[in-house]
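# Observations on chain architecture
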Amino acid sequence: MSNSTVTLFKNKNYWLKIVFDGFLLLVAVFMAYFLKRGHVFLEPLYVKFIPLFFICWLISFFPTNKFRQKDSESNKLQLKSYLVSVCIFAGLLSLSLYFLKWYELSRFIVFGSVFIWLFLEFIVLSLLYYIPLNVDKKKTKKDWFPFYLLILECCILLCCFFGAHYFKKGSFNLNEEYEILLGVMCFSWVFVEIFVHKFRIPKTQSYIKVIWPFIKSIFLIVCIVSFFIFASRIHEFPRGLIFGSLMIFAFLELLIVSFYYFYISPKKTDEPSINLFKADVVKEQEIIQKVVNNNRIKEKYFITEGEYSSGLFKKKLKDIYLKKMPHVYQFVDKVIDISSLDIVSSEVISSGNPYNVEILPDSSMDLFINLHELNDYRRVNEYLIEVNRVIKDGAVFISKFEPKENRRISFLNKYPIYLANILYFLDFIWKRCFPKLPVLQKIYFSVTKGRNRVLSLTEGLGRIYFCGFEIIAMEEINNFIFFAAKKTGKPSTDPNPSYSPVFKMKRVGRYGKPIYIYKFRTMYPYSEYLQAFVTKQIGYGDKGKVKEDFRVTAWGSFLRRFWLDEAPQLINLFKGELSLVSVRPLSERFLANYPEDLKKERMKYKPGCFPPYVAYKMQAVDQYMDSERIYFCQKQKHPFWTDVKVLFVGLYNIVTNKIRSE
C-alpha cells in the first residue's frame, strides 16, 4: 500500500470520527430536550440555536486535535484532550449566548446536552477498548484504565442525587436551580475524576494508597460545590440533599473501587484461587510410604547421635525452652531420644517470621522445634518446604496448629456461652466462608495477611505430608495439636492440591481408555495425601471405603448419604464417556484385582452412572464382581429391560435409603 493511500485512509477515518461525534452531539441535544420538555419537537428558538451549537462544537475540537490521537498514547492523555475540548465548547457556548442575549434558553437543555454528549463519548471509548479495531490489545491494555468504572460512577452520582431529591422533596422533577446544581456537581466530578484519580488502579500498591485519590477527589468536589453555592448566593438548597447525596456517592464509590482492587490484586497467600467452573484432577498415587500410629509410640524415635551430644540440649530444653510448658516437654521426651541430640544441630524457636528458617543452611538440623502455630503463616506450604530444606533426612520437625474442630471450644473458654456462640458464628463467616469464595477470598487475605487462618485437622496433616513429612506422633495440648513429623523426602510437586468443590478422578473407561469422572468434593482439602495414614490407622470397611473417615466433611457426609456427590457425573454422561446404566467406573488399582474374564467383559461397555450393585444391594467389596456377573448375564438376554430395571430399582433403593454411598 502506498503512502498516499495510507494517508487517504487515515484522513477518511478522521472525518468519519468527526461525523460520528456530530451524530452523538445531535442525539445528546434531543435527549436533553426530551428530559426537560417531555417531547422532541423543537421550539423555533431551539431550531435557531442548533446551528450555533454545532459551530461552537466544530471550533472546540480543532485546537485539541482529539481525533488524531495515536493508539500508542495513554488513555489519560486521550481523555484530557476530550475534556479540554468540552471546556472550550462550554466556554464558546456561554460567550455566544451572552452576546446574543438568548437568556430564555433552558440552561439544563444547553449544558445538559454538553454533559450527555461527553457521557456518550465515554461510552464509545469504553466500547472501543473492549472491542478494539485493528489494535493489538495485548500491547495497549496496560495503558487503559477501566472506563466502565467511570461510567458506573456517573450513574451512581445521578442516582444518589435524584434519590436524595426524592427523599427530600417527594419527586424526581427538578426545578431550574436544582438542574444548575446537578450540572455543577457533574462537571465538578468529571474534572476532578480525570485530574486526580489514578484510573489504572495498581495491583501492587497498598489499599490505602489506592483509595486515597478517591478520598481526595470527593473532598475537592465538595469544595467546588460549596464555593458555587456561596458565590451564587443560593442558600435555600437543603444541605442534607447536597452533601448527603455526595457522601452516599463517596461510600458507594469506595466500595466499588475496593472490590475492584481486591479482585485484580495479586494473591498474597498459598490458598488456591477457586474456579467454580473448573475441576481439579486428583492424582491417585500414594505419597506416604510409612505411617506410624500417632499415639501409640512403643519406643522413642532415635534420630542420630550427634558429634557433640552430652545431654546438654535435653537439660536446656527442659529448664529453659520448655520450662513453662511441661506438657510439651513430656510430649517431646516421650516421642524422641533427646539425650542423643547435638545442641549444635538442634533448634528451638517460637516465631511466625519465615526469616528464622530461611537463614538456616540446607540439611543442617537434626531437630527443629517451632512453638508458633502453623495457622499464623501466610503461606503454610512455603514455610513447611523451607523446614524440609533445613533438616536432614529422617530428622524431626515439631510444631503445632489449632484445628478448626477446637475453635468453638476456644471461644467457650474465653466468653459466656451466648456471646461465644455469636462470636464463633461471625468467626465462621469471616475465616471459613470468605477465604473459600472468589473475590471475597482476596478481601480476606488482603486484610488479614493470612494470619490466624483456620485449618481443619485433615488439612493441617495433609499439608505436612504434602511437604515431605510423615507424622510419628500427635498429642492435643491446650487446644492445639502438637505433632512430631520426620522428613521422608522432598515435597510433592503436585501443582493443584484439592480445593475446588468439583474434582475429577481418573478411571478406566470403555476399551481401557482413561476417563476422568466428575464428583463433588466431600472431603477437606489435602485429604488425598493422607490416604495411607488413614487406612493404616482405621482400615477399610466392608464397602471398600475407609471406616469413619475423619476426612469427610459434615456436608460431604450428607451428599454421600443421598448420592448427591455423584451428580456431576451427568457431565460425563453428556460428554459420552458414561452410560446412564452400566458397570461402576473403577481405578486401575481396583481393576487389577478383577479376574481376566470379567475384566475383558466389562471392557466392552461404557461405565455407568447407575452400577448394578445399587439395584442388587450388593455393596460389599467382595460382592462387586458378583453383581456385575449377574448384570452381564441378564443384559445378554434382555439388554434394554435389564437397564430399565437396574435404573428404577436403583433409584428406589437410593430414595428409600436402602443403600448409601457412604
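As the structure is a prediction and not an experimental result, all values here were calculated from the model. (Residues numbered from 1 in each chain as written. Predicted model: local features only at pLDDT ≥ 70, side-chain atom pairs only at ≥ 80, totals over all residues. Heavy atoms only, no water.)

## Looking at the overall build of the chain
- Looking only at helices and strands, the chain has 25 helices and 10 strands in total.
- Counting all 662 residues of the chain, 48% fall into the buried class.
- Partitioning the contacts of the chain with sequence separation of at least 6, the portion at a separation of at least 24 is 73%.
- For the chain, the accessible area works out to roughly 34800 Å², and carbon and sulfur atoms hold 62% of it. (Helix = DSSP H or I, 4+ residues; strand = E, 2+ residues; numbered from the N terminus. Buried < 20%, exposed > 50% of the residue type's maximum accessible area, 1.4 Å probe, protein only. Contact = heavy atoms within 4.5 Å. Areas by Shrake-Rupley, 256 points an atom, 1.4 Å probe, with all protein chains shown as cover.)

## Focus: helix α19 (residues 554–561)
- What α19 keeps buried is the set Gly556, Leu559 and Arg560. For α19, the arc enclosing every buried residue in end-on projection is 100°, short of the 170-degree limit, so these residues lie on one face.
- In this structure, the buried side of α19 is in contact with β8 (514–520).
- One side-chain oxygen of the residue at the start of α19 lies 2.8 Å from the amide nitrogen of Gly556, identifying that residue as Thr553. (Arc of directions from axis to C-beta. Polar contact = N/O pair within 3.5 Å; in protein donor to acceptor, adjacent residues only side chain to side chain.)

## Observations concerning the packing of helix α10 (residues 312–321) against helix α11 (residues 326–335)
- The geometry of α10 relative to α11 is characterised by a closest axis approach of 9 Å and an angle of 155° between their N-to-C directions. By the angle class used here, α10 and α11 are roughly antiparallel. Pair α10 / α11 crosses with left-handed handedness. Where α10 abuts α11, its residues Lys314, Leu317 and Lys318 lie against Tyr329, Val332 and Asp333.
- In the contact of α10 with α11, the residues fall into three nonpolar, no polar and three charged. (Axes fitted to C-alpha atoms, helices over the stretch in contact; angles between N-to-C directions. Parallel < 35°, antiparallel > 145°, perpendicular 65-115°, else oblique. Left-handed = near helix turned anticlockwise from the far one by under 90°. Nonpolar A, V, L, I, M, F, W, Y, C, P; charged D, E, K, R; others polar.)

## With respect to the nonpolar core
- Counting residues in each nonpolar core, the largest one holds 57 residues, and the members touching the most others are Phe49, Phe53, Phe89, Leu93, Val114, Trp117 and Phe161.
- Where this core is concerned, the elements lending two or more residues are α1 (3–37), α2 (44–64), α3 (75–100), α4 (107–130), α6 (147–169), α7 (176–196), α8 (207–231) and α9 (239–264).
- With 10 residues, α4 is the largest single contributor of residues to this core.
- Once you skip the residues sitting within four places of it in the chain, Val114 turns out to touch Phe53, Val86, Phe89, Leu93 and Phe187.
- Core analysis: the second largest hydrophobic core is formed by 34 residues, Ile349, Phe401, Ile464 and Ile481 among them. (Core = buried A, V, L, I, M, F, W, Y, C linked by side-chain atoms within 4.5 Å.)

## Examining unusual backbone geometry
- Look at Asn479: it is not a glycine, yet its phi comes out positive at around 75°.
- Within the secondary structure, Asn479 sits in the loop between β5 (469–477) and β6 (480–487).
- For Asn479, a relative accessible area of 14% corresponds to the buried category.
- Positioned with a positive phi, Lys617 is a non-glycine residue whose angle comes to about 55°.
- Assignment of secondary structure puts Lys617 in the loop between α23 (612–616) and α24 (624–637).

## Concerning a nonpolar patch on the surface
- Residues Leu95, Tyr98, Phe99 and Tyr103 make up a contiguous nonpolar surface patch of roughly 520 Å² in combined accessible area.
- Note that Phe99 resides in helix α3. (Patch = residues over 30% accessible without salt bridge, like charges linked within 9 Å, V, L, I, M, F, W, Y side chains within 5 Å. Salt bridge = Lys/Arg side-chain N within 4 Å of Asp/Glu carboxyl O.)

## Points about the side chain of Lys599
- Its location among the elements puts Lys599 in helix α22 (residues 596–602).
- Assessed through its relative accessible area of 19%, Lys599 is described here as buried.
- When near neighbours in sequence (up to four residues on either side) are disregarded, Lys599 contacts Leu591, Ala592 and Tyr594.

## Structural notes on the pattern of salt bridges
- Inspection of the entire model under this criterion finds 22 salt bridges.
- Between Asp333 and Lys314 there is a salt bridge whose closest N-O contact spans 3.8 Å. Here Asp333, found in helix α11, pairs with Lys314, found in helix α10; they are 19 residues apart in sequence, far enough to count as distant.
- Between Lys519 and Asp565 there is a salt bridge, with the nearest N and O atoms lying 3.4 Å from each other. Of this pair, Lys519 sits in strand β8 while Asp565 sits in the loop between α19 and α20 (569–574), and the two are 46 residues apart along the sequence.
- A relative accessible area of 0% places Asp565 in the buried class.
- Among the ionic contacts, a cluster of salt bridges with common partners joins Glu402, Arg407, Asp427 and Lys431.

## So, the confidence of the model for the chain
- Per-chain confidence: the chain averages 77 in pLDDT, with 77% of residues scoring 70 or above.
- Within the model, the stretch residues 70–74 combines pLDDT values under 50 with six contacts to residues more than four positions away or in other chains.
- Scored below 50 in pLDDT, residues 283–295 shows 34 contacts in the model against residues more than four places distant or in partner chains. (pLDDT = per-residue confidence, 0-100.)

## Some thoughts on the state of the cysteines
- Applying the stated criterion across every chain, the model contains zero disulfides.
- Just so you know, Cys160 is unpaired, no disulfide at all, and the nearest cysteine sulfur is the one on Cys159, 7.0 Å from it.
- Exposure remark for Cys160: the relative accessible area of 8% places this residue in the buried category. (Disulfide = S-S within 2.5 Å.)

## Here's the deal with the packing of aromatic side chains
- Throughout the structure, instances matching the rule amount to 22 aromatic pairs.
- Three or more aromatic residues link up through ring pairs in this structure, and these residues are Phe368, Tyr377, Tyr383, Phe397, Phe401, Phe469 and Phe483.
- A cation over a ring is seen here: Lys400 above Phe480, with NZ or CZ 4.2 Å from the ring centre.
- Over the aromatic face of Tyr516 sits the side chain of Lys504, whose NZ or CZ is 5.7 Å from the ring centroid. (Phe/Tyr/Trp six-rings, centres within 6.5 Å; stacked < 30°, edge-to-face > 60°. Lys NZ or Arg CZ within 6 Å of the ring centre and 35° of its normal.)

## Some words on the sheet that holds β6
- The mixed open sheet is built from five strands, whose spatial order is β2-β3-β4-β6-β5. Two strands close off the open sheet at either side, each with one partner strand: β2 (346–349) and β5. Averaged over all pairs of adjacent strands, the angle between strand axes in this sheet comes to 10°, irrespective of strand direction.
- One ladder, built from eight bridges, connects β5 with β6; its direction is antiparallel. (Pairing = 2+ DSSP bridges.)

## Side note on the packing of α24 against helix α25 (residues 639–655)
- Between α24 and α25, the shortest axis-to-axis distance is 5 Å and the interhelical angle comes to 135°. The pairing of α24 with α25 is recorded here as oblique in orientation. Listed contacts from α25 to Tyr631, Gln634, Lys635 and Lys637 of α24 are Pro639, Thr642, Asp643 and Val646.
- Classifying every residue of the contact of α24 with α25 by side-chain character gives three nonpolar, two polar and three charged.

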